[in-house]
Amino acid sequence: MTTVAFPLTWLYVPGDRPRVVTKALVSGTDVVVIDLEDAVAPDRKDYARAATAELLTHRQPVPVHVRINSLDTPWAEADLTDLLGLPGLGGLRLPKVTGPADIQHVTARTTALPLYALLESALGIEHAYAIAAAHPALRGISLGEADLRADLGVRDDVGLDWCRSRIVVAARAAGLVPPPQSVHPDTRDLGGLAASCAHGRALGFLGRAAIHPRQLPIIERAYLPTEAELEQAETIIKAATAEQGAQALPDGRFIDAAVVAAARRTLSLATHR
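Residues numbered from 1 in each chain as written. Predicted model: local features only at pLDDT ≥ 70, side-chain atom pairs only at ≥ 80, totals over all residues. Heavy atoms only, no water.

**Student:** Whenever I open this one, the nonpolar core confuses me. Can you help?
**Tutor:** A general trend in soluble globular proteins is that nonpolar side chains are found buried together. Within the largest apolar cluster, 61 residues are counted, with the highest numbers of intra-cluster contacts made by Ile34, Val66, Leu92, Ile103, Leu119 and Ile141. Within the second largest apolar cluster, 8 residues are counted, among which are Ala233, Ile237, Ala239 and Val260. (Core = buried A, V, L, I, M, F, W, Y, C linked by side-chain atoms within 4.5 Å. Buried < 20%, exposed > 50% of the residue type's maximum accessible area, 1.4 Å probe, protein only.)

**Student:** Can you walk me through unusual backbone geometry in this structure?
**Tutor:** Apart from glycine, the bulk of residues carry a negative phi angle, and the bulk of peptide bonds sit in the trans form. Positive phi, normally seen in glycine, also occurs at lysine 96, with a value near 55°. Among the secondary structure elements, lysine 96 is positioned in the loop between β4 (91-94) and α4 (100-107). (Helix = DSSP H or I, 4+ residues; strand = E, 2+ residues; numbered from the N terminus.)

**Student:** What is the right way to look at the pairing of strand β3 (residues 64-67) in this model?
**Tutor:** In the case of a regular strand, side chains alternate between the two sheet surfaces. Of the two faces of β3, the one holding Val64 and Val66 and the one holding His65 and Arg67 are both buried throughout. Two elements, strand β2 (residues 31-35) and β3, share 4 bridges in a ladder whose sense is parallel. Looking at β3, one finds that valine 32 is bridged to valine 64. Crossover handedness for the path β2 to helix α2 (residues 45-55) to β3: right-handed. (Pairing = 2+ DSSP bridges. Right-handed = clockwise from strand over helix to strand, strands pointing away.)

**Student:** Looking at this structure, how should I read the side chain of arginine 164?
**Tutor:** Looking at where arginine 164 falls in the secondary structure, it is placed in helix α8 (residues 161-173). The class of arginine 164 is buried, set by a relative accessible area of 6%. Within the structure, the side chain of arginine 164 is placed 2.8 Å from the side chain of glutamate 145, a separation counted as a polar contact. (Polar contact = N/O pair within 3.5 Å; in protein donor to acceptor, adjacent residues only side chain to side chain.)

**Student:** I tried to follow the sheet that holds β2 on my own but got confused; where do I start?
**Tutor:** Strand pairs in the sheet, formed through backbone hydrogen bonds, run parallel or antiparallel to each other. Here 7 strands make up an open sheet; going across it, the order is β6-β5-β4-β3-β2-β1-β7 and the pairing parallel. Two strands bound the open sheet, and with one partner strand each, they are β6 (138-143) and β7 (208-210). The average undirected angle you get between the axes of adjacent strands in this sheet is 25°. By the bridge criterion, 3 bridges tie β4 to strand β5 (residues 115-119) in an arrangement that is parallel. Within β5, the position partnered with leucine 92 by the bridge is leucine 115. Contacting β5 and β6, α8 crosses the sheet at an angle of about 170° to β6. (Axes fitted to C-alpha atoms, helices over the stretch in contact; angles between N-to-C directions. Contact = heavy atoms within 4.5 Å.)

**Student:** Just checking my understanding: could you explain the side chain of arginine 93 for this structure?
**Tutor:** Tracing the backbone through its elements, the reader meets arginine 93 in strand β4. Summary of buried charges: arginine 93 has no salt-bridge partner, and the nearest side chain of opposite charge, aspartate 35, is 8.9 Å away. Here the side chain of arginine 93 touches serine 142 through a polar contact of 3.4 Å, side chain to side chain. (Lys, Arg positive; Asp, Glu negative; His and termini not counted. Salt bridge = Lys/Arg side-chain N within 4 Å of Asp/Glu carboxyl O.)

**Student:** For this particular structure, what's the right way to read the packing of helix α9 (residues 190-203) against helix α10 (residues 216-223)?
**Tutor:** Two numbers describe how α9 lies on α10: the axes approach to 9 Å, and their chain directions differ by 35°. Viewed along their axes, α9 and α10 form a crossing whose handedness is right-handed. Within the contact between the two elements, α9 uses Leu190, Leu193, Ala194, Cys197, Gly200 and Arg201 and α10 uses Ile218, Ile219, Ala222 and Tyr223. Grouping the amino acids of the contact of α9 with α10 by side-chain chemistry returns 8 nonpolar, 1 polar and 1 charged. (Left-handed = near helix turned anticlockwise from the far one by under 90°. Nonpolar A, V, L, I, M, F, W, Y, C, P; charged D, E, K, R; others polar.)

**Student:** Please explain the pairing of β4 as it appears in this structure.
**Tutor:** Because side chains alternate across β4, one face comprises the buried residues Gly91 and Arg93, and the other comprises Leu92 and Leu94, equally buried. As paired strands, β3 and β4 are joined by 3 bridges and run parallel to one another. Paired with arginine 67 across the bridge in β4 is arginine 93. For the crossover from β3 across helix α3 (residues 76-83) to β4, the handedness is right-handed. Taken together, β4, α4 and β5 form a β-α-β motif whose crossover is right-handed.

Take a look at the structure:
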């Protein structure tokens, strides 16, 4: 199984469509997320769970995470019972998390798997830091923007920017990696996706969830450092190696330990494959 330090692409696929899942595994995404929740109709939940369990009896070429059903539904317990402990399961994505108790409910069952919380309501946003700091097994938080948009009654995309910044800050305050962006729902609007990714990167996100393989190269291109950014990072690292502490570069830019750390992350992203 190939893993990367900073996943940039998280490809969601419906759990009741095994052929689509198989294609996703060779799509080039960093992580495949099998969705047992929103993408699966109620009368196909059992089939989707069984198909996913069969796939996960073996390790896969890329990390496979599963978005289980919301913990307040009758399917969530069956998801946990049937999937936990399978060798191919690389992580769990928990939908509609509203507080730390949701994380603790799952960590009472397992602490061996990386957990990722999806915040999809005003209450979840309000408790963002408490969720992010709920347990060491929680490795990341992100937004579920479709549900959040409906909960808030937001029509214009800019209306979600405060919530986006809120979870970026909460994740970093809890010592987690920057969150990935939520999906861009129009799979044919690649120009809109690129513009949205640029905006998300400016807000502090790292990578993005996708729902179609054609979105993957757009997301990677948006989040991988440019040649100019790499050159700048190398200049900063070289200067920091020569002298310790805060200093100014020849062009007048001021650097300190935080700037050096950001430069190291930029360089690590360049080799994330």
